[in-house]
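# Inside the fold
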Amino acid sequence: MQQPPDEALTPGLYIVATPIGNLSDLSPRAASVLARADLIAVEDSRVTAKLLQRIGTKRPMTPYHDHNADQVRPGLIDRMGSEAIALVSDAGTPLISDPGFKLVRDARAAGHMVTTIPGPCAAIAALTLAGLPTDRFFFLGFLPSKEKARADAIAEVAGVRATLILYESGPRLGAALAALADGLGDREAAVAREISKAFEECVTGTLSTLADRYADAPPKGEIVIVVGPPGEAPAPEAGDVDAALIDAMARLPVAKAAGEVARATGLPRRELYARAMELKDGG
Ligand code: SAM
C-alpha cells in the first residue's frame, strides 16, 4: 500500500514497526505514516511522544495495551472506517510479543484496509547476529517465569528441528539458560543484548557455558536468546545411556551424574535425571 508522502492516508489500520533502540532505524515510510495518521494507538504515550518528537511531529495518541485493549478496541474499529489509525508498540514490530493481533483480526472482519510498515524486530535482528542456522526458526516469545511451567514449555519444543528464539530479561537470563540446557541438551546458543544500542553485544557458546557465565552476573538491558537446533548425530542407544548413567552415579550424586551424561550425549538433562532416578530405584 504505497501513497505519496504528503497525501492524506486512506482510512484503515497501519501497523508501524519502530526502532528497538537506535531511533535512526525508523524508516522514512514509517515516519511519513506516523506524521499523517489521524490517531496513533500506543503502548506508552511517553515512549511514542519521544519518537514523534524525533521526526518533528505531534499526533493524537490513544493507549492500547494488554489492560485496556478489550475496552478500547471496538471504538478504534469504528473509527477506522473514516480515519487512518496507526498501531505502534514501545519498540519493534507490533503484535510480536506485543498487543495488536485482535485489533488486526477485528479490523479485517469489519472490512477495513489493513497494511503494515515493516521494520525492526528484536527476534529477527538477534537471529541474524547469532551465527546459527536460519533456514527454520521457531519463536517462543517469553518463557513462563515459574520454574515448572518454564520446564514444561521447554520440553514441548525439545523435538522441534529448528533454531529457537526467545525473549528474556537480565535478572532471569541465567536461570532460563540453565533450564534450556536441562530441557534441550547442551546446544549451541547466543545471547544477543542491547541490539542497535551503544552496548550491543552477542555472546555465543553452549547453553551450559552461557548459563554459567550469567548465573551470578545478570546482564543489564534487553535480551534475546537464540538456541541452535538439535544436533544431527544419531541418538545414543538406550543401553549406552543407562551404562553411562550407572557409571556416573557410582561417582556422583544423581543430579550431577545426569548433568555429566547430558553434556556427553547432548540429551536433555531433565530426561536423563528421570531415567537416573528409575535406575537408582532398580528400574
Ligand atoms: N515487539 C518487539 C519486537 O518486535 O521485537 C518485542 C517486544 S517484547 C515486549 C520486548 C522484548 O524484546 C525485550 O524484553 C527483549 O527480550 C526484546 N528486545 C527488544 N529490544 C531489544 C534490543 N534492542 N536488544 C535485544 N532484545 C530486545
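Because the structure is a prediction, the values reported are computed rather than measured.

### Considerations on the nonpolar core
- With 23 residues, the main nonpolar core has Leu177, Leu180, Leu207, Ile225 and Val227 as its most contacted residues.
- Broken down by secondary-structure element, the contributors of at least two residues to this core are α6 (147-157), β7 (163-169), α7 (170-184), β8 (188-193), α8 (207-215) and β10 (222-227).
- Ranked by residues supplied to this core, first place goes to α7 with 7 residues.
- Residues Val16, Val33, Leu52 and Ala86 belong to the second largest nonpolar core, which totals 17 residues.

### Details of the UniProt feature "domain: RsmI HTH" (unreviewed entry) in the protein
- UniProt annotation of "domain: RsmI HTH" (unreviewed entry) refers to residues 236-280 when read in the numbering used here.
- Its end C-alpha atoms 20 Å apart, residues 236-280 is made of 84% helix and 0% strand.

### Quick notes on the packing of aromatic side chains
- According to the stated counting rule, one finds 2 aromatic pairs in the structure shown.
- Between the aromatic rings of Phe139 and Tyr167, the centroid separation amounts to 5.0 Å while the plane-to-plane angle is 70°, which identifies the pairing as edge-to-face. Of this pair, Phe139 sits in strand β6 (residues 137-142) while Tyr167 sits in strand β7; the two residues are 28 residues apart in sequence, bridging distant segments of the chain.
- Relative accessible area serves as the criterion here: at 32%, Phe139 is assigned to the partly exposed category.
- Judged by its relative accessible area of 10%, Tyr167 is buried.
- Clustering of aromatic rings is evident, with ring pairs tying together Phe139, Phe142 and Tyr167.

### Quick look at helix α2 (residues 45-54)
- Of all the positions in α2, only Thr48, Leu51 and Leu52 are classed as buried. Considered in projection along α2, the buried side chains sweep an arc of 100° and stay on one side of the axis. Away from the buried face of α2 by more than 90 degrees, exposed residues Arg46, Lys50 and Gln53 are located.
- Looking one or two residues beyond α2, the residue adopting positive phi is Gly56, at roughly 70°.

### Considering the site of the ligand
- Near the ligand you find 18 residues, and of these Thr93, Ile96, Ala122, Tyr167 and Ile223 are the closest.
- Take Ala91: an N or O atom from its main chain is 3.4 Å from a nitrogen atom of the ligand.
- Between the ligand and Thr93 there is a distance of 2.8 Å, counted from an oxygen atom to a backbone nitrogen or oxygen.
- In isolation the ligand exposes 570 Å². Once the protein is present, 90% of that is buried.
- The set of elements that each furnish at least two residues to the shell around the ligand consists of β7 and β10.

### Things to note about the sheet that holds β8
- Strand order across the open sheet formed by 5 strands is β6-β7-β10-β8-β9, with mixed pairing between neighbours. Of all the strands in the sheet, the pair left with one neighbour each is β6 and β9 (201-206). Neighbour to neighbour, the strand axes of the sheet diverge by 20° on average, direction disregarded.
- Inspection of the sheet shows β6 paired to β7 by 5 bridges, in the parallel sense. Bridge pairing links Phe139 to Ile165 in β7.
- Where α7 meets the sheet, it contacts β7, β8 and β10, and its direction lies at approximately 150° from that of β7.
- The sheet contacts of α8 involve β8, β9 and β10, and relative to β9 the element is tilted by about 125°.

### Things to note about the domain arrangement of the protein
- In terms of domain boundaries, the protein breaks down into domain 1 (12-120), domain 2 (123-227) and domain 3 (238-280).
- Using C-alpha coordinates to define each centre, domain 1 is positioned 28 Å away from domain 2.
- With 6 residues of domain 1 at the interface, the matching set in domain 2 holds 9 residues.
- Summed over both partners, the interface of domain 1 with domain 2 buries about 490 Å², with 61% contributed by carbon and sulfur atoms.
- Among the residues of domain 1 in contact with domain 2, Ile20, Ile96 and Ser97 are the three that bury the most area, contributing 73% of the side total.
- Here domain 1 is connected to domain 2 by 1 residue pair in polar contact (both at pLDDT 80 or more).

### Some details on the sheet that holds strand β4 (residues 84-87)
- If you walk across this open sheet you meet the 5 strands as β3-β2-β4-β1-β5, and the pairing is parallel. In the strand order of this sheet, the two ends are held by β3 (61-63) and β5 (114-117), each with one partner. In this sheet, neighbouring strand axes are inclined to one another by 25° on average, regardless of whether the strands run parallel or antiparallel.
- Seen against the sheet, helix α4 (residues 101-109) touches β1 (12-16), β4 and β5 and runs at an angle of roughly 150° to β1.

The rules behind the values
Residues numbered from 1 in each chain as written. Predicted model: local features only at pLDDT ≥ 70, side-chain atom pairs only at ≥ 80, totals over all residues. Heavy atoms only, no water. Core = buried A, V, L, I, M, F, W, Y, C linked by side-chain atoms within 4.5 Å. Buried < 20%, exposed > 50% of the residue type's maximum accessible area, 1.4 Å probe, protein only. Helix = DSSP H or I, 4+ residues; strand = E, 2+ residues; numbered from the N terminus. UniProt positions renumbered as here; feature names shortened; annotations may be inferred. Phe/Tyr/Trp six-rings, centres within 6.5 Å; stacked < 30°, edge-to-face > 60°. Arc of directions from axis to C-beta. Near = heavy atom within 4 Å. Polar contact = N/O pair within 3.5 Å; in protein donor to acceptor, adjacent residues only side chain to side chain. Areas by Shrake-Rupley, 256 points an atom, 1.4 Å probe, with all protein chains shown as cover. Pairing = 2+ DSSP bridges. Axes fitted to C-alpha atoms, helices over the stretch in contact; angles between N-to-C directions. Contact = heavy atoms within 4.5 Å. Domains from an automatic or database assignment. Buried area = accessible area lost by both parts, 1.4 Å probe.

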